[in-house]
Every structure is written in structure tokens, then in C-alpha cells.
Amino acid sequence: MTSPAQPDILFAAEDLRAQVTTIFSAIGSDAPEAALVTDHLVLANLFGHDSHGISLIPLYVRMVREGKVEPNQRPTAAMDNGALLTLDGHRGFGQAVAHEAMEIGIARARERGVAIIALRNSHHVGRIGHYAEQCCRAGLVSMHYVNVVGTAPVVAPFAGIKSRLHTNPVAIGVPREGADPLVLDFATSRAAQGKIRVAMNRGVPVPPGFLLDADGEPTTDARVVYDEPVGTMLPFGEHKGSGLGLLCDVLAGALTGGRMCHPGSSGDDVYLNNMLSVMIDPDRLGGRETWQQEIALGTQFFTSSPARDPAMPILLPGEPERATRARRDAEGIPVDATTWRLIRAAAAGVGVALPEAGWR
Ligand code: NAD
């Protein structure tokens with residue numbers, strides 16, 4: 001994306017955390033929940049996914065004030081078959097509910113070698129790679145399939161011009177010995193919807209090939225996703241991304257006992273996620289030495305290809321996020337002026353006064 005119309009404001013992650021926590025405390029989250037949601041959002045910013053960082057605060061505050069998200073919910077078992085567990089998130093903050101769901105799954109996968117956690121009816125769970133990373137830290141391989149219900153769809157199927165899907169993300173995490181984990185984490189649309197919102201807030205065009213306007217014509221104007229007459233986002237990878245998006249809807253929506261995207265599940269004006277997570281203890285499949293050795297050889301071979309463009313080195317999944325984190329830890333997190341103004345307004349609405357500018 002090109003440069004924003006107004007200069008960004010820079011924040012140190014620690015300072016941002018301190019400010020953001022006060023907003024979640026003010027809307028009723030207890031201290032552990034406020035910390036979980038805050039850490040998740042600020043880490044998303046540190047990793048460069050501003051769409052899933054603090055820019056979500058105005059939405060979250062509105063959802064709580066309208067009674068559509070309930071602070072301090074805990075996941076409860078709807079069906080328990082040992083290695084297969086279905087949890088209801090009771091429309092609680094997804095970052096807290098899904099964190100606990102993963103902890104339960106991790107304990108079961110350690111005990112049994114595998115766990116399948118079907119989390120339904122959670123509010124927005126945020127950046128899905130966060131849960132793959134949580135599983136990696138516990139030494140587990142994991143796959144996460146997510147769908148969205150409660151709001152109107154925003155992504156057209158391949159060859160279509162009207163929205164019939166959401167941005168249904170997928171994440172896969174693989175721990176590595178002596179190296180950072182492999183974490184692949186993406187929306188099945190060309191970009192996460194929040195990136196279109198961030199582009200709109202920054203007043204910059206979206207790259208070509210991401211959007212269609214209301215007449216089905218290509219556009220780079222982010223407003224078509226938010227303003228009437230609405231257009232649509234496109235899936236990544238043509239028929240492949242479109243098919244994967246639909247299968248995320250099936251796996252996360254239908255299989256968990258939640259809902260898929262259709263007119264009967266889209267009209268509540270609340271952003272709910274369902275997530276099917278498969279966790280595997282890899283030592284109980286191929287044997288630790290073999291699989292770690294193969295990953296080392298395979299990833300080395302993968303990255304040994306000469307680059308077509310020296311400015312674009314061959315990276316492993318998860319590397320771009322870690323590089324952005326190193327930079328933002330050192331230089332600060334940039335927040336565009338519109339996003340910060342909207343966050344300040346949301347905070348003021350719940351009695352929290354945030355400073356006008358950043359502090360570094
Ligand atoms: P993206 O297009 O930036 O892709 C990110 C993935 O691609 C990461 O795994 C990253 O490591 C890898 N990657 C990026 N550049 C690379 C390169 N040059 N070489 C190798 N690998 C590279 O992400 P996105 O699709 O815009 O999604 C952004 C975030 O939005 C994700 O964290 C996703 O989970 C989240 N999301 C959440 C929801 C929800 O409902 N909760 C919905 C959609 C997306």
C-alpha cells in the first residue's frame with residue numbers, strides 16, 4: 001500500500017499495552033481478560049498485522065456497549081468425547097475464550113497424542129496464528145480453521161460478484177528444535193478485511209485485484225467494503241482460495257455445531273468466530289529425531305532457491321512477522337491518525353482519556 005495521507009503516530013509496545021488495558025478494564029473485563037485481549041492486540045501490531053491489533057478497539061467497545069459481547073466469559077463443554085471436545089464461547093472476548101480453549105486442548109493432546117477442539121459462538125478471536133504459536137510453545141503441531149458469522153458476508157466466491165463468504169482464515173503451526181516455529185496464517189480473501197479498513201482509515205488505495213465494486217468492476221477504493229453501494233472482496237488464489245474459504249466455513253461453522261454463512265446467520269450485527277483446531281503431538285507420529293531432521297533439510301532446500309528479485313528474499317512462514325516485530329520493538333508501533341482518533345473516541349465513551357499523540 002502507498003504512503004498514508006497523514007503521518008503515523010509512533011508508540012512503544014509497553015506504553016500501548018498500559019493504555020489499552022485500561023480500556024478493557026473500563027468496559028468490565030477482569031484483570032486476566034484485559035491482559036489477554038490487550039497482549040493479543042498489541043502483539044498483532046508488533047507482528048505487522050495492524051488489522052488485528054488495536055484498530056479493533058472501537059468495534060469491541062461498541063459490541064460490549066450494545067450487549068453483543070459479554071466480558072469475562074469462560075468456554076464450557078457442549079460435547080466431550082475425550083480427544084474431541086466441543087466448547088461454547090458464550091459470545092465472550094475471543095482472545096480470552098480461545099486462549100483457554102487452546103490450553104484445554106494442549107493438555108488433552110499431551111495426554112492422548114491428539115486433540116480436536118471445536119470452539120463455537122466466540123466473539124472475534126483475532127489473529128489465528130496466535131493460537132498456532134501457543135500450541136507450538138507447548139511442542140504441538142496444530143491446524144486451525146475459522147469461519148465468521150453474525151454479519152453480512154464480504155467475500156465473493158470465485159467467478160462471482162456478490163459476497164457469499166467471509167474472510168475465513170486458516171493457520172498451521174509447526175515447532176522446530178533450535179529454530180523459530182513455522183507459522184502459516186492467512187485469510188482466504190486476498191487480504192484480511194481489517195487491512196481494507198486500515199487502508200480506508202489511512203486514505204490509501206488497496207492493491208489492484210483485491211476488490212470489486214457494486215457493479216462487479218475491479219476497484220482499488222477500500223470504501224466499497226464499508227459504504228453503500230457495497231462491493232465485495234475477492235478470494236486469494238482464484239478457485240483454490242475460494243474453495244478453501246468454503247471448506248473453512250464447513251469445518252469451523254457446520255462441524256462445530258455453529259453456523260455457516262447464509263442469510264439466516266448473518267444479520268445479528270455481531271462478529272462471531274467458530275474455530276476447529278486439530279492439535280498433534282508430533283513425537284507420537286514419525287519419531288522426534290526423524291521429523292525434526294526432515295524439517296531442517298526441507299526448509300533449507302526451500303530457502304536455497306535463488307531469489308527472482310534480490311529485494312524479496314525467500315522466507316519461511318512466520319519470518320515476515322518476526323522481522324516486523326524486531327523493527328517495531330526497536331522503532332515503535334506506527335498507528336495512523338484516523339485509527340488513533342477513533343480509539344480515543346471509543347475510550348472517551350467509557351471514561352478513559354487517552355493522550356492525543358504517541359510518546360516516542
Ligand atoms: P497475509 O496475506 O499477510 O499472510 C500472512 C502469512 O503469509 C503469514 O503466515 C506470513 O508469515 C506469510 N508471509 C507473508 N509474506 C511472506 C513472504 N514474503 N514469504 C513467505 N511467507 C510470507 O495475511 P492476511 O491474509 O492478510 O491475514 C492477516 C491476519 O488476519 C492473520 O493473522 C489472520 O489470522 C487474520 N484474520 C482473522 C480473521 C478472524 O475472523 N479472526 C479473519 C481473517 C483474517
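Anything mentioned here points back to the structure above.
Here goes a summary of the coordinates provided. (Residues numbered from 1 in each chain as written. Predicted model: local features only at pLDDT ≥ 70, side-chain atom pairs only at ≥ 80, totals over all residues. Heavy atoms only, no water.)

**Considering the overall build of the protein**
No. 1: When its secondary structure is counted, the protein shows 10 helices and 12 strands.
No. 2: Scaling as 2.2 N^0.38, a compact globule of 360 residues should have a C-alpha radius of gyration of about 21 Å, and the protein matches this with 20 Å.
No. 3: Put simply, the protein has 360 residues, and 51% of those count as buried.
No. 4: Residue pairs in contact within the protein that sit at least 24 positions apart in sequence constitute 70% of those at least 6 positions apart.
No. 5: Summed over its atoms, the accessible surface of the protein is roughly 16000 Å², and 57% of this surface lies on carbon and sulfur atoms. (Helix = DSSP H or I, 4+ residues; strand = E, 2+ residues; numbered from the N terminus. Rg over C-alpha atoms; globule rule 2.2 N^0.38 Å. Buried < 20%, exposed > 50% of the residue type's maximum accessible area, 1.4 Å probe, protein only. Contact = heavy atoms within 4.5 Å. Areas by Shrake-Rupley, 256 points an atom, 1.4 Å probe, with all protein chains shown as cover.)

**Some points on the site of the ligand**
No. 1: Taken together, 24 residues lie near the ligand, and R127, D185, A187, G318 and E321 sit nearest.
No. 2: Between the ligand and the protein, one listed contact pairs an oxygen atom with a side-chain N or O atom of D185 at 2.5 Å.
No. 3: Between the ligand and Y271, the relevant distance is 3.1 Å, taken from an oxygen atom to a side-chain nitrogen or oxygen of the residue.
No. 4: When the ligand sits alone it has 870 Å² of accessible area, and the protein chains cover 81% of it.
No. 5: Elements represented by at least two residues in the shell around the ligand include exactly β7 (179-186) and α9 (319-331).
No. 6: Top element by residues in the shell around the ligand is β7. It accounts for 4 residues. (Near = heavy atom within 4 Å. Polar contact = N/O pair within 3.5 Å; in protein donor to acceptor, adjacent residues only side chain to side chain.)

**Observations regarding unusual backbone geometry**
No. 1: With an omega of -10°, the peptide bond running from E228 to P229 counts as cis.
No. 2: Inspection of the secondary structure puts P229 in the loop between β9 (218-219) and β10 (232-233).
No. 3: Positive phi, normally seen in glycine, also occurs at R91, with a value near 55°.
No. 4: Note on placement: R91 falls in the loop between β3 (84-88) and α4 (94-112).

**Structural notes on the pattern of salt bridges**
No. 1: Evaluation of the coordinates by the stated rule reveals 17 salt bridges.
No. 2: One salt bridge in this structure joins R74 and E100, with 2.6 Å as the shortest N-O distance. Separated by 26 residues along the polypeptide, R74 in the loop between α3 (57-65) and β2 (76-81) and E100 in helix α4 bring together distant segments of the chain.
No. 3: Judged by its relative accessible area of 22%, E100 is partly exposed.
No. 4: When the shortest N-O distance is used, the salt bridge between D80 and R108 registers 2.7 Å. One end of the pair, D80, is in strand β2; the other, R108, is in helix α4, with 28 residues separating them in the sequence.
No. 5: On the basis of relative accessibility, which here comes to 45%, the residue D80 falls in the partly exposed class. (Salt bridge = Lys/Arg side-chain N within 4 Å of Asp/Glu carboxyl O.)

**Side note on helix α6 (residues 193-202)**
An α-helix turns once every 3.6 residues. As a result, residues three or four positions apart point the same way.
No. 1: Along α6, 8 of the 10 residues are buried, which leaves the element largely enclosed by surrounding structure.
No. 2: What α6 keeps buried is the set Q193, G194, I196, R197, V198, A199, N201 and R202.
No. 3: In this fold, the buried residues of α6 make contact with β8 (211-212), β10, β12 (333-335) and α10 (337-349).

**A closer look at the sheet that holds β10**
No. 1: Taken in spatial order, the 3 strands make up an open sheet running β9-β8-β10, and their pairing is antiparallel. Two strands in the sheet have a free side with no partner beyond their single neighbour: β9 and β10.
No. 2: Of the strand pairs in this sheet, β8 and β9 are connected by 2 bridges, and their pairing is antiparallel. In the sheet register, L211 faces β9, and the bridge partner there is T219. (Pairing = 2+ DSSP bridges.)

**Some remarks on helix α8 (residues 288-303)**
No. 1: The end-to-end C-alpha separation of α8 is 23 Å, in line with the 22 Å expected for 16 residues at 1.5 Å each.
No. 2: Here α8 has its buried residues at W291, Q292, I295 and T299. One side of α8 holds all its buried residues, which, seen down the axis, span an arc of 95°. When the buried face of α8 is taken as reference, the exposed residues oriented beyond 90 degrees from it are E289, Q300 and F301.
No. 3: Residues of α8 that are buried sit in contact with β6 (170-176) and β7. (Expected span 1.5 Å × (residues − 1). Arc of directions from axis to C-beta.)

**Let's talk about the pairing of β6**
No. 1: Judged by how many residues are buried, β6 sits mostly within the fold: 6 of 7 residues are covered.
No. 2: As judged from the 4 bridges shared by strand β5 (residues 141-149) and β6, these two strands associate in the antiparallel manner. When the bridges of β6 are listed, Y145 appears paired with V170.
No. 3: Two elements, β6 and β7, share 6 bridges in a ladder whose sense is antiparallel.

Function cannot be inferred from these measures alone, as they are strictly geometric.
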